[in-house]
Amino acid sequence: MATATYLKNAGIERRVFGEPMSFWERQMPKGMCLRSSWDASHIADPKEELTLDAYCRESGQSRTKPIPLNQFVEYGKWYQRKAVPDVEKKLVRRVEQNGRGFVVTLADGESFHSQRVVAATGINSFEARPKEFAGLPAELVSHSREHTDLGIFRGRSVVVIGGGQSALESAALLRENGAEVEVLARQSALNWVGLHPKLHRLGFLSKMMYSKRDVGPAGISRLVAAPHVFRRFPRSFQDKAAYRAIRPAVAGWLGPRLKEMKITLGKRIISAAEQGSMLRLRLDDGTERLVDHALLATGYRVDVTRYDFLAPELKKSLKTANGFPVLRRGLESSVDGLHFMGKPAAWSFGPVVGFVSGAEFACTELVGSLKKSNGANTAGRR
Ligand SMILES: Cc1cc2nc3c(=O)[nH]c(=O)nc-3n(C[C@H](O)[C@H](O)[C@H](O)COP(=O)(O)OP(=O)(O)OC[C@H]3O[C@@H](n4cnc5c(N)ncnc54)[C@H](O)[C@@H]3O)c2cc1C
């Protein structure tokens, strides 16, 4: 939505496709809260008129901390009505290269030509499932993205796999909804964020340490907030700093809801098998668990070749690194005229572009580059 708004503001002709806020509404559990701060959760618009504050003023709501998922979804829909009323709520089925650009085919069969394509299609295609769970039925194993209502597990025993925000918050929501829960994670300790709010209230000193983009700890937060600087560092440093910025971590405000939660750390699952109507898990410490369900809060792993709307020939021409498209200025891929926004841009521009707060940079960069090139007759899509 931010991309569409920036393009329109720059007078660049575009069509916009997709279902606004669908990932937040359909792939996250009711009752969840955002981990990002208020200041890092405004959807970017070039005039800075469509902030969360503006939404709250208009709808008579007050600031909340943390931000509840349903409030953020409503904010996103408000943003869409104001800034992108022309969004076409249709899926793009195929993007193919032709000599002068791309042929875009929609799910309803319409086909048209576009000089450029901007894929801002998120991470929903990239769910990561540990191989030990391959082939098991959906009643026994599911990924966190498959649930909006964790209340369906009331009265059942559930093992949550993972050690980040999604795992721990899902565990809290499951227990609050009457499930018997254990969290299993490979890491030896949980990483907490936001435990020292005072560090954010030191005026100038805080500004030196933390960017309002709210990605990463003191210092790294500043570095990743400047993608053009960050991308000049050697790859090995970028990889380490990016991992440190977005490693699995749990928001401090979740702490009280995890009291007496059964959390087993430093253990790997070596096998998972059906046993009657239950699931038997074997861990690397020799212990076993017999449970009704395993919830995989194991995140997402970018692999743009899993975007099924990209034609196979186009995927072949796409230069990638670890599944991410390699992008140059303007977030443009090795296929001229094909741009990637959001998380897929993170290998080239650093972790901040994978978050709501990174859209301002990404949109400014995209539009700046399009203006420079002579391709002003551009169609964008989400
Ligand atoms: C559990 C969880 C919690 C998170 N919490 C935060 C947080 O607190 N703060 C934060 O900044 N980020 C958070 N994130 C990351 C968040 O997903 C991204 O910041 C945000 O969704 C990125 O926006 P996006 O527009 O790139 O992708 P999305 O929001 O996923 O939007 C993708 C859009 O593309 C459309 N689309 C996809 N395929 C097609 C197609 N073939 N044709 C047409 N349209 C298509 C979809 O309909 C959708 O509208 C969280 C992620 C998860 C999984």
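Above this text you will find the structure in question.
These numbers were taken from a predicted model, which means no experiment stands behind them. (Residues numbered from 1 in each chain as written. Predicted model: local features only at pLDDT ≥ 70, side-chain atom pairs only at ≥ 80, totals over all residues. Heavy atoms only, no water.)

1. Description of the sheet that holds strand β1 (residues 92-98)
Cut-off, in case you're wondering: When DSSP finds two or more bridges between a pair of strands, those strands are recorded as paired. The numbering of helices and of strands both runs from the N terminus, where a helix is a DSSP run of H or I of at least 4 residues and a strand a run of E of at least 2. Axes here mean lines fitted to C-alpha atoms, for a helix over just the part in contact, with angles spanning 0 to 180 degrees between N-to-C directions.
Across the sheet, which stays open at both edges, the 3 strands sit in the order β1-β2-β3 with antiparallel pairing between neighbours. Both edges of this open sheet fall to β1 and β3 (111-114), since each of them pairs with a single strand only. This sheet shows a mean twist of 25° between the axes of neighbouring strands, independent of strand direction. Bridging between strand β2 (residues 101-106) and β3 involves 4 bridges; their strand directions are antiparallel.

2. Quick look at the sheet that holds strand β13 (residues 288-291)
One open sheet accounts for 3 strands, arranged β11-β12-β13; its pairing is antiparallel. Of all strands in the sheet, those bounded by a partner on one side alone are β11 (269-275) and β13. This sheet shows a mean twist of 20° between the axes of neighbouring strands, independent of strand direction. Bridge count for β11 against strand β12 (residues 278-283) is 6 bridges, and the pairing is antiparallel. Residue pairing across strands places Gln 275 opposite Met 278, the latter belonging to β12.

3. As for the environment of Arg 231
Spelled out, the test is: Note on contacts: a residue pair is in contact if any heavy atoms of the two residues lie within 4.5 Å. Throughout this description, a polar contact denotes any pair of N or O atoms lying within 3.5 Å of each other; where both atoms belong to protein, one of them has to be capable of donating a hydrogen while the other can accept it, and for residues adjacent in sequence the pair is counted only when both atoms sit in side chains.
Within the secondary structure layout, Arg 231 lies in the loop between α8 (227-230) and α9 (235-246). Separated by 119 residues in sequence, Arg 231 and Gly 350 place their C-alpha atoms 6.9 Å apart. Leave out the neighbours within four places in its chain, and Arg 231 touches Gln 238, Leu 327, Arg 328, Arg 329, Ser 348 and Phe 349. There is a polar contact of 2.8 Å between the side chain of Arg 231 and the backbone oxygen of Ser 348.

4. A closer look at the packing of helix α3 (residues 52-59) against helix α4 (residues 69-83)
Short version of the rule: These descriptions rest on fixed angle ranges, namely under 35 degrees for roughly parallel, over 145 for roughly antiparallel, 65 to 115 for roughly perpendicular, and the rest for oblique. For this classification, Asp, Glu, Lys and Arg are treated as charged, while Ala, Val, Leu, Ile, Met, Phe, Trp, Tyr, Cys and Pro are nonpolar and the rest, including Gly, are polar.
Where α3 meets α4, the axes come as close as 10 Å, and the angle between the chain directions of the two elements is 90°. With respect to their mutual orientation, α3 and α4 come out roughly perpendicular. Between α3 and α4, the contacting residues are Leu 52, Ala 54, Tyr 55, Cys 56 and Glu 58 on the first element and Gln 71, Glu 74, Tyr 75, Trp 78 and Lys 82 on the second. Split by residue class, the contact of α3 with α4 holds 6 nonpolar, 1 polar and 3 charged.

None of the figures reported here should be taken as evidence of function without further support.
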